[in-house]
Amino acid sequence: MREVSNNLSDNTDNHFLNNNPNNIVLKDSKLPKPPSVYQVYVRSFKDSNGDGIGDFEGVTQKLDYIKSLGVTDIWLTPFYKSSGADGGYDIVDYKSIDPTYGDKEAFEKLVREAKSRGLNIMIDLVFNHVSIQNELFQRALNGDKEAQDCFFFRKGKGINTPPNALRSKFGGSAWQYVKELDMYYLHLFAKEQADLNWDNPKVQDMLQDVVNYWKSLGITHFRLDVINFISKGDVTVEVNSENERSVYTDGPNIHKYLKEFRKRCTQDGVPIYLIGELASPSLENAVKYVDPKNEELDGAFVFHHLKTDYKDGKKFHVKENNIICQKGIINKFLSAVSKVAGNFYLVFDNHDQPRSVSRFGDDKKYRYESATAINAKQILMRNAVSIYQGQEIGMTNVDFSKVPFDDVESKNAIKALISEGYSEDEAREMVSFHSRDNSRTTFQWDNSSNGGFGDYDPKDVKDTQSVIAPKTNPNYLTINLKADQASEKSISRDTSKLIHLKNHSDLFSYGEQEILYSDSNKLTAFKRSYGSEEAIVLVNETSEDLTLKLDLSEYKVLYTNYKESEQMTYGKKPTLKPRQVLVLYKNNE
Ligand code: TEU
Ligand code: CA
């Protein structure tokens, strides 16, 4: 039985079903829907005790707000004891809670309070690697052969020569030398994150025990970090920049391991929901992971569409976004997954990405229009929904002359660029636009100090031994939830209505999708159809007017981010205003 969420918020006054500009009533057969997710980066979301770091109690205080968005799940990024090297993704003890976030009672209260509102807490399982401070890795360092076989310890090829040229995602070699053992260990990410050897049944047993522990606390929804890396081929094979990914991406036993993993997770008869984060999967494998008949994952995040502004595929060499390529990738993945009735969660924002309104929109002149247009197309396409904190109020990238970098990926990239000959200023400038730090500043609640995130003086705030205190974007004075909700043009109110519309209409949940104008670099356009109902979603991706040749005379406006256009009837040559999203509906009954 596939876990689907039916506990959708049904406060009908909060979506377009029956209170839209043209009184359109969409069909809602209340068929099962995939969970729609609100991602909380815990340390930056809400600080309840004035230490300048977000915590569980802070999330609990905001549950009514999160519920009002119309989501069913809250994904909490890692809150376990960590070594502080990678935003919590370097876990020392999987069954622990870092005291910075609160204690077990605070966690159980959050789970209970969320459940009482029909919200699932989804936790992050980081099973590809573990912190080198983890007890098992420490045993390996002390020469315990059994423990070493839970990781990838290999002899080098000579003095200061790693086993091969595998590179870390965060720059440099993926091999770290241990002098005492005269061996290297593999780390596809930071050197503090040692890759686990899933070929070893002891590793699978250990991780199964972790899942059982969190299930015993009532957690049944999980996000699986870079889960398509867990099966490796021969990690010492000769590699180069062309073939190195094949060593660890969609590896030889990946589907076997995921099937076994899911089976063991459900031995207690309690259903689960697994969303896998997939890093550079092939399309074929990505679909295979989420094909329900394979009983592996229930959904997956894929990100190929978020590399179309990388110059020569390099993250910190930014080019203008190739909209045609981006639309093509989105269409390819959504079309393929619709054939198996699987769920992809395509996002434009998360804790690893810069802010979409700055990256893909016009965050100066048309911030409301850009944010609502991006959110509308993400929510209304044939896509399971995951919204990242702050995306629903159009939070922007930060100016790193005012906010320091703290992310390991960004700091390593700056060093690497300087070693390539760029000046420090050039390197900082190059890293700033795509830095993950753009999405890790504190949520901007209102215009009080620290943007209402917490009651403290930033001068007094200290990092803890494993959690770095987040900074606040100085533009919180004007960009914050309170100001947004007081505005006639509210990104959060529109985003909430769109999520409700998605979850309460057959058309946007199940409708076929056809891409239109695929060769336009100014327009995103797609049609959804289900039974006699039909919708066309049009997004002007530019900050100028855009006139189309498209006969819209039979359609009515269901939603647009230009209030003055809500009652318009469009003819054969409609003109879209700058960054306008237009959702048109007709029923062929
Ligand atoms: O991300 C995996 C991943 O692919 C990203 O690190 C991506 O490579 C990069 O951020 C984009 O350039 C997951 C987590 O989401 C990320 O926060 C962790 O740093 C990483 O795994 C290691 O656990
Ligand atoms: Ca706190």
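Residues numbered from 1 in each chain as written. Chains lettered and ligands numbered in written order. Predicted model: local features only at pLDDT ≥ 70, side-chain atom pairs only at ≥ 80, totals over all residues. Heavy atoms only, no water.

A. Here's a closer look at the site of ligand 1. The environment of ligand 1 is formed by 17 residues, the closest being Asp86, His129, Asp225, Lys315 and Asp352. Glutamate 409 is positioned such that a nitrogen or oxygen atom in its side chain is 3.0 Å from an oxygen atom of ligand 1. When the free accessible area of ligand 1 is taken as 480 Å², the share hidden by the protein chains comes to 90%. Classifying every residue of the shell around ligand 1 gives five nonpolar, three polar and nine charged. When residues of the shell around ligand 1 are assigned to domains, at least three fall in each of domain 1 (35-130 + 200-478) and domain 2 (135-193). (Near = heavy atom within 4 Å. Polar contact = N/O pair within 3.5 Å; in protein donor to acceptor, adjacent residues only side chain to side chain. Areas by Shrake-Rupley, 256 points an atom, 1.4 Å probe, with all protein chains shown as cover. Nonpolar A, V, L, I, M, F, W, Y, C, P; charged D, E, K, R; others polar. Domains from an automatic or database assignment.)

B. Inspection of the sheet that holds strand S7 (residues 153-154) at higher detail. Overall, antiparallel pairing links the three strands, which are arranged S7-S9-S8 in an open sheet. With one partner strand each, in any of the chains shown, S7 and strand S8 (175-178) form the two edges of the open sheet. Relative to strand S9 (residues 183-186), S8 runs antiparallel, the two sharing four bridges. Looking across to S9, one finds that valine 178 is bridged to methionine 183. (Pairing = 2+ DSSP bridges. Helix = DSSP H or I, 4+ residues; strand = E, 2+ residues; numbered from the N terminus.)

C. The arrangement of the nonpolar core in detail. Ranked by size, the top nonpolar core spans 129 residues in total, and within it Leu76, Phe107, Trp214 and Phe344 carry the most contacts. Broken down by element, the residue count for this core peaks at seven residues, all from helix H11 (residues 367-380). Each of two domains, domain 1 (35-130 + 200-478) and domain 2 (135-193), supplies a minimum of three residues to this core. Those residues in contact with leucine 76, other than ones at most four positions away along the chain, are Val40, Val42, Phe56, Val59, Phe107, Leu110, Ile121, Met122, Ile123 and Asp124. In this structure, Phe152, Phe189, Ala190 and Phe229 belong to the second largest nonpolar core, which totals 18 residues. (Core = buried A, V, L, I, M, F, W, Y, C linked by side-chain atoms within 4.5 Å. Buried < 20%, exposed > 50% of the residue type's maximum accessible area, 1.4 Å probe, protein only. Contact = heavy atoms within 4.5 Å.)

D. The coordination of the calcium ion (ligand 2), seen in detail. Within the protein, the atoms that donate to the calcium ion (ligand 2) are Asp47 (OD), Asn49 (OD1), Asp51 (OD), Ile53 (O) and Asp55 (OD), at distances of 2.2 to 2.3 Å. Positions of the donor residues of the calcium ion (ligand 2) along the chain correspond to the pattern D-x1-N-x1-D-x1-I-x1-D. With relative accessibility at 3%, the residue aspartate 47 sits in the buried group. (Donors = N, O, S within 2.8 Å, 3.2 Å for Na, K, Ca; no water.)

E. Examining the sheet that holds strand S2 (residues 73-76) more closely. The strand order S16-S13-S12-S11-S5-S2-S1-S17 describes an open sheet built from eight strands, whose pairing is parallel. Strand pairing shows two members of the sheet lacking a second neighbour, strand S16 (344-345) and strand S17 (386-388), which therefore form its edges. Across three bridges, the pairing between strand S1 (residues 37-40) and S17 is parallel. Its bridge partner lying in S17, tyrosine 38 is registered against isoleucine 387.

F. Expanded view of the domain arrangement of the protein. As assigned here, the protein comprises domain 1 (35-130 + 200-478) and domain 2 (135-193). Averaged C-alpha coordinates put domain 1 and domain 2 at centres separated by 26 Å. Contact between domain 1 and domain 2 buries roughly 2,200 Å² in total, counting both sides, with carbon and sulfur atoms accounting for 63%. Three residues stand out in domain 1 for area buried against domain 2, namely Val130, Val235 and Glu244, and they jointly supply 22% of the buried area on that side. Here domain 1 and domain 2 share two salt bridges between them. Ionic pairing is found between glutamate 244 and arginine 167, a salt bridge with its closest N-O pair at 2.4 Å. For the pair domain 1 and domain 2, the number of links is nine residue pairs in polar contact (both at pLDDT 80 or more). If you list the elements that add at least two residues to the side of domain 1 that touches domain 2, you get strand S6 (129-131), helix H6 (201-216) and helix H12 (408-419). Of the residues belonging to the side of domain 1 that touches domain 2, the class tally is 13 nonpolar, seven polar and nine charged. (Buried area = accessible area lost by both parts, 1.4 Å probe. Salt bridge = Lys/Arg side-chain N within 4 Å of Asp/Glu carboxyl O.)

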